[in-house]
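Here is what each chain is made of, one letter per residue.
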Number of protein chains: 2
Amino acid sequence: MKLSQSFTKTTKTTPADEVSRSAKFLLRAGYIYKEMAGVYDYLPLGMRTLDKIIQIIREEMNSIGGEELRMTSLQPKAVWEASGRWDDDVMDVWFKTKLNAGGELGLAPTHEEPLTRLMKSYISSYKDLPRYVYQFQTKFRNELRAKSGIMRTREFMMKDLYSFSTDREQHLDFYERCAQTYLKIFDRLGIGDSTFRTFASGGSFSKFSDEFQTLCDAGEDIIYLDREKKIAVNEEVYNDETLKQLGLEADKLEKCKAAEVGNIFTLGYKYTDALDLCYNDEDGKRQKVFMGSYGIGPSRVMGVIAEKLSDDKGLVWPEEIAPYKYYLVGIGETGEQKAAELYAKSPENIIWDDRKTARTGEKFADADLMGIPYRVVVSEKTLADDKVEIKNRRTGETKLLTLNEFISKLS
Amino acid sequence: MKLSQSFTKTTKTTPADEVSRSAKFLLRAGYIYKEMAGVYDYLPLGMRTLDKIIQIIREEMNSIGGEELRMTSLQPKAVWEASGRWDDDVMDVWFKTKLNAGGELGLAPTHEEPLTRLMKSYISSYKDLPRYVYQFQTKFRNELRAKSGIMRTREFMMKDLYSFSTDREQHLDFYERCAQTYLKIFDRLGIGDSTFRTFASGGSFSKFSDEFQTLCDAGEDIIYLDREKKIAVNEEVYNDETLKQLGLEADKLEKCKAAEVGNIFTLGYKYTDALDLCYNDEDGKRQKVFMGSYGIGPSRVMGVIAEKLSDDKGLVWPEEIAPYKYYLVGIGETGEQKAAELYAKSPENIIWDDRKTARTGEKFADADLMGIPYRVVVSEKTLADDKVEIKNRRTGETKLLTLNEFISKLS
């Protein structure tokens, strides 16, 4: 990407109505644009980052047998009435609307009901189970208060997977595999060290659910963490009985603020009962399907990473999800010429700051603000030794590489 | 994809409430699922097809300088009031909703207003122009009647690009480049031969707009086509004056039914006036930005292709957008074993019909229904000569290839 041809610009002005530092930096660096409170557009840099997060999650979901589909936001009333969740008192985050042709519709804040209904067309025998179906889909939630930038919004990207199993045993096998895969995902996203599987409140079909909580001062949750065992307990279920059951000792636990980046939940028969999703077992007996749900919000994760890994100069992206890997600046005429050559070798990996209007200091500040992992400088001075200077955004470490060494990194 | 592990199934039952043959086949083959009238989920096969269409359009938009972003559906009232389009009498396809925190919101059926407002943050000088910004984004339109399956729906995928130029001349340069690129896109999508640039009604800033119309009996438009010149006139502007202006002769024109698959439009100052999007010209004088819009609905295009290219056995996808290229069937134990080996070489390109429960005839019927370009059969008989049998879905032509010839096609 050539900055001179990119429509977004960085800005020094911090939006007055944003509290969270991630939102401030994402807005200032041109990753997002605010339509209204809790509703943000993704500009080219933000979209690339979000899509890289999505792709990592997709690869991991596919690796455990997930099948991807894409459901609609518009939802007819009847399928939600079956479970009792059409009622605003039961589910208070609905956006409802009206059809010109007559009738009420809702904008799906989640998809248990419609997917359970859909699966009735495809599940009839134990041979059709288990099935793991997921999507990346825009969810709408009518939050009373929206804050923390893209960490909690009214319209956001969600990965929601639902499992359909013959019974609890078949369910738990996948549940555990998915929990392990979630840890792998957060590793790949660069927040593995500070993300912990956390026991939280369950439901009718299991005492606990599992949350994945990332230590973060701007988080909305309080967790009690056993660093050695790498597990935590959400404040909501923190009591003597829980600790005893989990074999944890109160004095070994650390009380921390954290942000939820994923959750997995045993749904049991809640929705298959309501919508009558059954299968015939090996003896031809009709049985209810046993369900689970598995969520990660890629846009929320992007916010948490921006919040957690940024410093006073701006964003700091892990390499796997940075919109581009290198931020290239040519200094002087010779430097500019060489920069053009280097850029042409790998435009997909490089932001080339080819702006005539910006001074070098401004370019360096923007490289820091955007959080691109490596800033690469070519100038008459570096070229005298046939080299480029590379600075690591996270560590601040600077080193010289020969042109050939750098070029070999680009391919 | 292994069919034994895929959750969708084909069905012989034709949905009673669907009129269009594309919808019938897409439903029967497991590409889409109907949530309600005019609202369809994309199942794995449908999603893959849709994503391939999207990727072709994306590549071509990037090739003419498009920058991709992703805007929101939720829209505050004020920005649409500025243009007068908040009013349901002016724009009758709104879905409106209410914010729990107070206030009315709309679900964007198009994005001229919010994008024009967004660009106010980034355009201030003639040096910031031209800019071409686009997205693939879910649009909501409260259609009174929804019919023709995914050809006209209430929730659909749209590619909308908007151009921002200094003046009409700069605008027209891009407008024409985009028109040529649209023709290239429809070529790549496999409907180039039957898709024609069509003069349609314009607006305050140009006499005509350009539609791209695909000849199709299920289409909703009537066009008058000059096959030799490869241009057409929409019925809505078909009159002596138009013909004269375009140098067309009535008796050389063919009256045809067609489906609109794209349109480009000169917006002029309509939205930049309403929202005050200006730039300073080279003399420092404040000028209004000149706009254009350029739409293609990938989900609609998918419906038109399904409608147009299907036959009495089912769907027929062009190779570039088929969800998979090969439909592999092993016959007998040796055939099954070899099929497993071939599948493992390229699971991304192959649907392997490894179902134990289906007879060969059923597998062949499903291959036809799904419209996969090549059906590949391996059996003891073909393997006796070290060969596979390949049947072309479109032409029905069958030929034998050696295993090595087929394997070389997979990589």
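Residues numbered from 1 in each chain as written. Chains lettered and ligands numbered in written order. Predicted model: local features only at pLDDT ≥ 70, side-chain atom pairs only at ≥ 80, totals over all residues. Heavy atoms only, no water.

Caption draft 1: Summary view of the interface of chain A and chain B. Across the boundary between the two partners, chain A contributes 55 residues, which contact 55 residues of chain B. Between chain A and chain B, a total of about 5100 Å² is buried, with carbon and sulfur atoms accounting for 56% of that surface. The largest per-residue losses of area from chain A upon contact with chain B belong to Phe7, Arg70 and Tyr122 of chain A, which jointly make up 16% of the total buried on that side. Counting across the interface, chain A meets chain B through six salt bridges. Between Arg70 of chain B and Asp51 of chain A there is a salt bridge, with the nearest N and O atoms lying 3.0 Å from each other. Along the contact surface separating chain A from chain B lie 30 residue pairs in polar contact (both at pLDDT 80 or more). Residue composition of the side of chain A that touches chain B, grouped by class: 26 nonpolar, 13 polar and 16 charged. (Contact = heavy atoms within 4.5 Å. Buried area = accessible area lost by both parts, 1.4 Å probe. Salt bridge = Lys/Arg side-chain N within 4 Å of Asp/Glu carboxyl O. Polar contact = N/O pair within 3.5 Å; in protein donor to acceptor, adjacent residues only side chain to side chain. Nonpolar A, V, L, I, M, F, W, Y, C, P; charged D, E, K, R; others polar.)

Caption draft 2: Spatial organisation of the relation of the copies chain A and chain B. Of the two same-sequence chains, chain A is brought onto chain B (RMSD 0.0 Å, axial shift 0.0 Å) by a rotation of 180 degrees. When the rotation and shift are considered jointly, the pair of chain copies conforms to a two-fold rotation axis. Residue Thr97 of chain A, judged by its C-alpha, is the member of chain A lying nearest the rotation axis, at 2.6 Å. Interface residue correspondence from chain A to chain B reaches 100%, placing this contact among same-surface, isologous pairings. (Least-squares fit on C-alpha atoms with pLDDT ≥ 70 in both.)

Caption draft 3: Here's a closer look at the packing of helix 2 (residues 44-63) of chain A against helix 8 (residues 298-309) of chain A. Residues and elements named next belong to chain A. Relative to each other, helix 2 and helix 8 sit at 115 degrees, their axes nearing to 9 Å. Here helix 2 is positioned roughly perpendicular relative to helix 8, judged by the angle of their axes. Considering how the two elements wind past one another, helix 2 and helix 8 form a crossing that is right-handed. Across the interface between the two elements, Gly46, Thr49, Leu50, Ile53, Ile54 and Ile57 from helix 2 touch Pro298, Ser299, Val301 and Met302 from helix 8. Looking at side-chain class alone, the contact of helix 2 with helix 8 contains seven nonpolar, three polar and no charged residues. (Axes fitted to C-alpha atoms, helices over the stretch in contact; angles between N-to-C directions. Helix = DSSP H or I, 4+ residues; strand = E, 2+ residues; numbered from the N terminus. Parallel < 35°, antiparallel > 145°, perpendicular 65-115°, else oblique. Left-handed = near helix turned anticlockwise from the far one by under 90°.)

Caption draft 4: Spatial organisation of the packing of aromatic side chains. Residues and elements named next belong to chain A. Applying the stated rule across the entire model yields 39 aromatic pairs over all chains. Both rings, one in Tyr31 and one in Trp317, keep their centres 5.6 Å apart while their planes meet at 40 degrees; by these two values the pair is tilted. Linking Tyr31 in the loop between helix 1 (21-28) and strand 1 (32-36) with Trp317 in the loop between helix 8 and strand 17 (326-331), this pair joins segments that are 286 residues apart in sequence. Side by side, Tyr31 and Trp317 carry an identical accessibility label, which is buried. (Phe/Tyr/Trp six-rings, centres within 6.5 Å; stacked < 30°, edge-to-face > 60°. Buried < 20%, exposed > 50% of the residue type's maximum accessible area, 1.4 Å probe, protein only.)

Caption draft 5: Representation of helix 10 (residues 360-370) of chain A. Residues and elements named next belong to chain A. Among all positions of helix 10, only Lys363, Asp366, Ala367, Asp368, Leu369 and Met370 are buried. Turning to helix 10, the residues buried within the fold contact helix 1, helix 2, strand 17, helix 9 (332-345), strand 18 (350-352) and strand 19 (374-379). Backbone geometry just after helix 10 places Gly371 at a positive phi near 75 degrees.

Caption draft 6: Spatial organisation of unusual backbone geometry. The omega angle of the peptide bond from Leu129 of chain A to Pro130 of chain A is -5 degrees, so this bond is cis rather than trans. Phi angles above zero are rare outside glycine, and Asp276 of chain A is one such case at about 60 degrees. Within the secondary structure, Asp276 of chain A is located in the loop between helix 7 (270-275) and strand 14 (278-280). Using a relative accessible area of 35% as the deciding quantity, one classes Asp276 of chain A as partly exposed. At Lys230 of chain B, a residue that is not glycine, the phi angle is positive and equals roughly 60 degrees. Exposure remark for Lys230 of chain B: the relative accessible area of 58% places this residue in the exposed category.

Caption draft 7: Layout of the sheet that holds strand 4 (residues 74-76) of chain A. Residues and elements named next belong to chain A. Spatial strand order, 4-6-5: three strands in an open sheet with antiparallel pairing. The sheet is open, and its two borders are formed by strand 4 and strand 5 (95-98), each paired with just one other strand. Direction aside, neighbouring strands of the sheet carry axes that sit 40 degrees apart on average. Pairing geometry for strand 4 and strand 6 (residues 104-107), over three bridges, is antiparallel. Its bridge partner lying in strand 6, Leu74 is registered against Leu107. (Pairing = 2+ DSSP bridges.)

Caption draft 8: Focus on the side chain of Lys363 of chain B. Residues and elements named next belong to chain B. If you trace the backbone, Lys363 turns up in helix 10 (residues 360-370). Despite being buried, Lys363 has no salt bridge partner; Glu336 is the closest side chain of opposite charge, sitting 4.1 Å away. A polar atom in the side chain of Lys363 sits 3.1 Å from the backbone oxygen of Asp353. From its side chain, Lys363 meets the backbone oxygen of Arg355 in a polar contact 3.1 Å long. Contacts of Lys363, omitting those with residues within four sequence positions, involve Tyr327, Val329, Glu336, Asp353, Asp354, Arg355 and Ala358. (Lys, Arg positive; Asp, Glu negative; His and termini not counted.)

Caption draft 9: Focus on the packing of helix 9 (residues 332-345) of chain B against helix 12 (residues 403-410) of chain B. Residues and elements named next belong to chain B. Packing of helix 9 against helix 12 leaves a shortest axis separation of 9 Å and a crossing angle of 30 degrees. Relative to helix 12, helix 9 is oriented roughly parallel. Counted together, Lys338, Leu342 and Lys345 of helix 9 and Leu403, Phe406, Ile407 and Leu410 of helix 12 form the full contact between these two elements. A class-by-class count of the residues in the contact of helix 9 with helix 12 yields five nonpolar, no polar and two charged.

Caption draft 10: Inspection of the pairing of strand 13 (residues 254-268) of chain B at higher detail. Residues and elements named next belong to chain B. As paired strands, strand 10 (residues 206-215) and strand 13 are joined by six bridges and run antiparallel to one another. In the sheet register, Asp210 faces strand 13, and the bridge partner there is Ile264. Taken together, the five bridges between strand 11 (residues 221-226) and strand 13 define a ladder with antiparallel strand orientation. Its bridge partner lying in strand 13, Ile222 is registered against Lys257. Taken together, the six bridges between strand 13 and strand 16 (residues 290-296) define a ladder with antiparallel strand orientation. Within the sheet, the bridge partner assigned to Asn263 lies in strand 16 and is Gly295.

Caption draft 11: Inspection of the domain arrangement of chain A at higher detail. Residue and element names in this part refer to chain A. Along its sequence, chain A is organised into domain 1 (3-309) and domain 2 (326-410). In this structure, domain 1 and domain 2 have C-alpha centres spaced 38 Å apart. Taken residue by residue, the interface counts ten residues in domain 1 and eleven residues in domain 2. In this structure, Glu348 and Arg48 form a salt bridge, with 3.6 Å as the shortest nitrogen-oxygen distance. (Domains from an automatic or database assignment.)

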